[in-house]
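Each chain, written out:
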Amino acid sequence: MSMNSQGRPSRPLHIHDAGAYEDTFSGSKGLDQAEPLIFERGHFDNTGVDLDAPKGTPTRLGGLDRTEAIGMPGLSEPEAMRHYVRLSRKNYAIDLGLYPLGSCTMKHNPRLNEKMARLPGFGDIHPLQPQSTVQGAFELIGELAHWLMTLTGTPAVAMSPKAGAHGELCGMMAIRAALDARGETHRRRVLVPESAHGTNPATAVQCGFTVDEIPANEGGRVDMEAFKAKLGDDVAGIMLTNPNTCGLFERDIREIADLIHEAGGYFYCDGANFNAIVGRVRPGDLGIDAMHINLHKTFSTPHGGGGPGSGPTVFSEALAPYAPVPYVKQHGDSWTMIEHEADAHDDGTDPFGRMTAFHGNMGMFTRALSYMMSHGSDGLKQAAEDAVLNANYIQARLNHVMTQAFEGTCMHEALFDDRFLKDTGVSTLDFAKAMIDEGYHPMTMYFPLVVHGAMLIEPTETESKASLDRFCDTLEGLALAAKAGETARFTVAPVHAPAKRLDETRAARSPILRWTPPADEQVAAE
Amino acid sequence: MSETRYTKDHEWVTVDGGEGTCGITAYAAEQLGDVVFVELPAVGTSFKQGDEMAVVESVKAASEVYAPVSGEVIAVNDVLEGEPGKVNESPDGEGWFVKLKIADAAELGSMMDDAAYKAHTS
């Protein structure tokens, strides 16, 4: 073909020499652009000049004139925008790929949710508007509360907690209020399984309880004999996650509920893993007294830097009277928000107080209800089933090359330990870093603590079979490479990421938490 | 003469007269990975055997360190505050945690010696 023979070569001649020009003049690597800190990039004289005030200009600041530069980086609007866009391109997100972080439920955040949250009637309102002008928002909160109570089989819900741990705090404060109301202030010991989320013992201590750890049995569940031995008249309650952080359903949950109630305590259930059982099991039927629901996990509202959390907390009959204010209340066609404890007393309840300035994260309520209504009750049930199916598919596809931590099927997450890496010179950390080179965010590692070198994978219902197969092919390849002695593939990983292997130890031992300008700039700024 | 005893939770105590120097074992330090922070008790605090005495945090996880024997803290290894890496470098030497005035020497009788601990961790 002679046409366009003088045209631009589609491949530069030196392409065969790949690697020869690894260092670029700009520090950028193609679309992976080098990006310094915003303070290093911007300077006060980049975007303007600071002229001295003309002599004789009266000052009206009453002696409050600024005496030194405030240290803001000076950037033009496009420069500021580019800074953040460039940073975002170095990051991983659920919108980029499978996000297998166990225990985090990184599911797709449907764009319909975003559209609904931006409707002016929900998005542009203010918490201090007259109640008559935000009836629609109240109705939405009431409707969401109705869905949450229905799905959990409970009679009350506090909508205001703003994240999972905040919801835990809400539940434990209600338990404490109920114990105090019974005059049983000596009940201060809370039982927490050793596989629990770290927030559980932290919450208990924050509420003035002491923590008593229950060991796991060999099957990764609560050791019932150890649990029974710890019951006593100083027990305030138990905090249990179900399904638990090993990805297993606590089969003895009914017996646990009965025993803790017989002992005079309450049952706090951590609802972080509710995604696995929505529509299949109503926690209220299992005997729980309080449970938070992570709208940002189970009900698809963004998290992990993408948006604030939201942790509404449901209550049993026993704890319902102590639920905090504020809450919405329906009167025929209209709604009010009960703001004050005194008003709640008129409803015959005795709230333990208030946890937030206003009513909670309205934007997340809108997104969660959009998700629920677009899926319907049958769709929510299928989402839970698919989440469990996907996790079991991963477990079944990988357990011939990786080592499954506990026997049997799992719930919504597959847990592996590091036995398959024994004598390879590759650690769980190295394995996770090699996943970054393969374009995947690593799974949760070294958690739960009860499993050696734990790797906890939660695919969620978001992923298709094709996506799961690509992921499993990759992990299979890595596991075989580790066993074949390709240690260097792991120990220096990641090599293809914008930031290479970080010195996590030094970062933890000598963290640099504050940027200080170079000495010459400090002078110039004055 | 000093002797060293071990707990199943991987603490060691070297007894010299009525005093015991305590730390975590090389096996524990290896399992934890690089130690980045150690929280030590105040001198004068008393512990019963098995009480939570210190907290050690590594790049992997935070773990409690239990008192291997009952007693009162008479010294703590302040060096670990600035150089937690000593726990990895020298777990049974410069990486010691606390010195206890032992309350009940009889507790040592039920603890593991070198050979027994070696068998426990192999």
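Treat the numbers as computed from the prediction; the structure is a model and nothing was measured.

Scoring rules and cut-offs
Residues numbered from 1 in each chain as written. Chains lettered and ligands numbered in written order. Predicted model: local features only at pLDDT ≥ 70, side-chain atom pairs only at ≥ 80, totals over all residues. Helix = DSSP H or I, 4+ residues; strand = E, 2+ residues; numbered from the N terminus. Buried ≥ 20, exposed ≤ 12 C-beta atoms within 10 Å, placed from the backbone. Contact = placed C-beta atoms within 7 Å. Nonpolar A, V, L, I, M, F, W, Y, C, P; charged D, E, K, R; others polar. Pairing = 2+ DSSP bridges. Axes fitted to C-alpha atoms, helices over the stretch in contact; angles between N-to-C directions. pLDDT = per-residue confidence, 0-100. Core = buried A, V, L, I, M, F, W, Y, C linked by C-beta atoms within 7 Å.

(A) Representation of the overall build of chain A in the model. The number of helices and strands found in chain A is 16 helices and 13 strands. For chain A, the residues scored as buried account for 40% of the 526 residues in total.

(B) Region of the structure containing the interface of chain A and chain B. Taken together, the contact pairs 6 residues of chain A with 6 residues of chain B. Here the residues of the side of chain A that touches chain B are counted per class, giving 3 nonpolar, 1 polar and 2 charged.

(C) Fine view of unusual backbone geometry. Residue and element names in this part refer to chain A. A cis amide bond, omega 0°, links Val325 with the succeeding residue Pro326. The phi torsion at Ser300 lies on the positive side, around 65°, for a residue other than glycine. Structurally, Ser300 is set in the loop between strand E6 (290–292) and strand E7 (313–315). Judged by the 26 C-beta atoms lying within 10 Å of it, Ser300 falls in the buried class. Its identity as a non-glycine residue notwithstanding, Asp423 has a phi of 65°, on the positive side. One can find Asp423 in the loop between strand E11 (414–417) and helix H12 (428–437). A residue is classified by how many C-beta atoms lie within 10 Å of it, and Asp423, with 6 of them, is exposed.

(D) Spatial organisation of the sheet that holds strand E7 (residues 62–66) of chain B. Residue and element names in this part refer to chain B. Read across the sheet, 3 strands follow the order E4-E6-E7 without closing on themselves; strand pairing throughout is antiparallel. Looking at strand neighbours, the two that pair on one side only are strand E4 (35–39) and E7, the edges of this open sheet. Across the sheet, the mean angle from the axis of one strand to that of its neighbour is 25°, orientation sign disregarded. Relative to E7, strand E6 (residues 52–58) runs antiparallel, the two being bridged by 5 bridges.

(E) View of the confidence of the model for chain B. Confidence along chain B averages 93 in pLDDT terms, with 99% of residues attaining 70 or more. Of all the helices and strands in chain B, E7 of chain B carries the lowest mean pLDDT, 91, while strand E8 (residues 71–76) of chain B carries the highest, 97.

(F) Representation of the nonpolar core. By size, the foremost hydrophobic cluster in this structure holds 123 residues, and its most contacted members are Ala174, Ile175, Tyr268, Ala290, Ala368, Leu415 and Ala454 of chain A. Broken down by element, this core gets its largest block of residues, 15 residues, from helix H11 (residues 362–398) of chain A. Among all residues touching Ile175 of chain A, those that are not within four sequence positions of it are Ala236, Gly237, Tyr266, Tyr268, Ala290 and Leu319 of chain A. Ranked by size, the runner-up nonpolar core spans 28 residues in total, among them Cys22, Val35, Val69 and Trp96 of chain B.

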